[in-house]
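Read off the chains here:
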Amino acid sequence: MPNYHNDSVQRLYSVIADINTPEECRAFFEDLCTIKEIQDMAQRLDTALLLDKGYSYQKISEAVKVSTATISRVNRALNYGSNGYRTAIDKMKETETENDNK
């Protein structure tokens with residue numbers, strides 16, 4: 001497997017981490033990615049959120065319009081990956097809880 005953790009990829013991660021607002025993030029990703037790529041990433045995040053809530057593959061496929069193969073890949077990453085989805089979901093839950101307590 002090729003090593004994709006090179007200087008160029010690390011620079012990309014650093015640039016993304018330094019983005020401060022949703023508007024800056026939107027502008028960066030609209031310049032960096034195609035509309036389809038952004039939609040695909042959004043669908044994967046939606047899939048991870050529904051998996052975390054315990055939805056079945058069939059319900060997720062119907063709701064998000066993704067294949068069961070995509071759901072399976074997201075599920076594998078959610079459970080055995082680098083904890084990227086888990087960290088994002090936990091942060092979203094934390095933000096929701098903070099907003100509910102205001």
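For the structure itself, consult the block above.
Notes on the structure follow. In this text the structure is predicted, and so the values were computed from the model without any measurement.

## Considerations on the overall build of the protein
Then, in step 1: Counting its secondary structure elements, the protein contains 6 helices and 0 strands.
Then, in step 2: Element order for the protein, N to C, with α for helix and β for strand: α-α-α-α-α-α.
Then, in step 3: With the principal axes as the frame, the protein shows a C-alpha extent of 45 × 40 × 25 Å.
Then, in step 4: Counting every position in the protein, which comprises 102 residues, the buried fraction comes to 15%.
Then, in step 5: Sequence-distant contacts in the protein: of pairs separated by 6 or more residues, those separated by 24 or more amount to 31%.

## What about unusual backbone geometry?
Then, in step 1: Positive phi is not limited to glycine here, since lysine 65 has a value of about 65°.
Then, in step 2: The topology assignment puts lysine 65 in the loop between α4 (57-64) and α5 (68-80).
Then, in step 3: Phi at asparagine 83 takes a positive value of approximately 70°, unusual for a residue other than glycine.
Then, in step 4: By the secondary structure assignment, asparagine 83 is in the loop between α5 and α6 (84-100).

## A short note on the nonpolar core
Then, in step 1: Grouped together as the largest cluster of nonpolar side chains are 10 residues: Ala48, Leu50, Leu51, Ile60, Val64, Val66, Ile71, Val74, Leu78 and Ile89.
Then, in step 2: Mapped onto this core, the elements with two or more residues apiece are α3 (35-52), α4 and α5.
Then, in step 3: When sequence neighbours within four positions are dropped, the list of residues in contact with valine 64 reads Gln43, Asp46, Thr47 and Leu50.

## Notes on α3
Then, in step 1: Look at α3: 26 Å from first C-alpha to last across 18 residues, which is about the 26 Å you get at 1.5 Å a residue.
Then, in step 2: For α3, the set of buried residues is Asp40, Thr47, Ala48, Leu50 and Leu51. Buried residues of α3 fall within an arc of 165° about the axis and therefore sit on the same side.
Then, in step 3: Residues of α3 that are buried in the fold lie against α4, α5 and α6.
Then, in step 4: Backbone geometry just after α3 places glycine 54 at a positive phi near 90°.

## Quick word on the packing of helix α1 (residues 7-17) against helix α2 (residues 22-32)
Then, in step 1: The contact between α1 and α2 brings their axes to 10 Å, and the two run at 150°. By the criterion of interaxial angle, the relationship of α1 to α2 is roughly antiparallel. Contact residues: α1 offers Leu12, Val15 and Ile16, while α2 offers Phe28, Phe29 and Leu32.
Then, in step 2: Taken together, the residues that form the contact of α1 with α2 break down as 6 nonpolar, no polar and no charged.

## Here's the deal with the packing of aromatic side chains
Then, in step 1: By the definition in use, this model includes 1 aromatic pair.
Then, in step 2: An angle of 85° between the planes, with centres 5.7 Å apart, marks the rings of phenylalanine 28 and phenylalanine 29 as edge-to-face.

Cut-offs used in this document
Residues numbered from 1 in each chain as written. Predicted model: local features only at pLDDT ≥ 70, side-chain atom pairs only at ≥ 80, totals over all residues. Heavy atoms only, no water. Helix = DSSP H or I, 4+ residues; strand = E, 2+ residues; numbered from the N terminus. Buried < 20%, exposed > 50% of the residue type's maximum accessible area, 1.4 Å probe, protein only. Contact = heavy atoms within 4.5 Å. Core = buried A, V, L, I, M, F, W, Y, C linked by side-chain atoms within 4.5 Å. Expected span 1.5 Å × (residues − 1). Arc of directions from axis to C-beta. Axes fitted to C-alpha atoms, helices over the stretch in contact; angles between N-to-C directions. Parallel < 35°, antiparallel > 145°, perpendicular 65-115°, else oblique. Nonpolar A, V, L, I, M, F, W, Y, C, P; charged D, E, K, R; others polar. Phe/Tyr/Trp six-rings, centres within 6.5 Å; stacked < 30°, edge-to-face > 60°.

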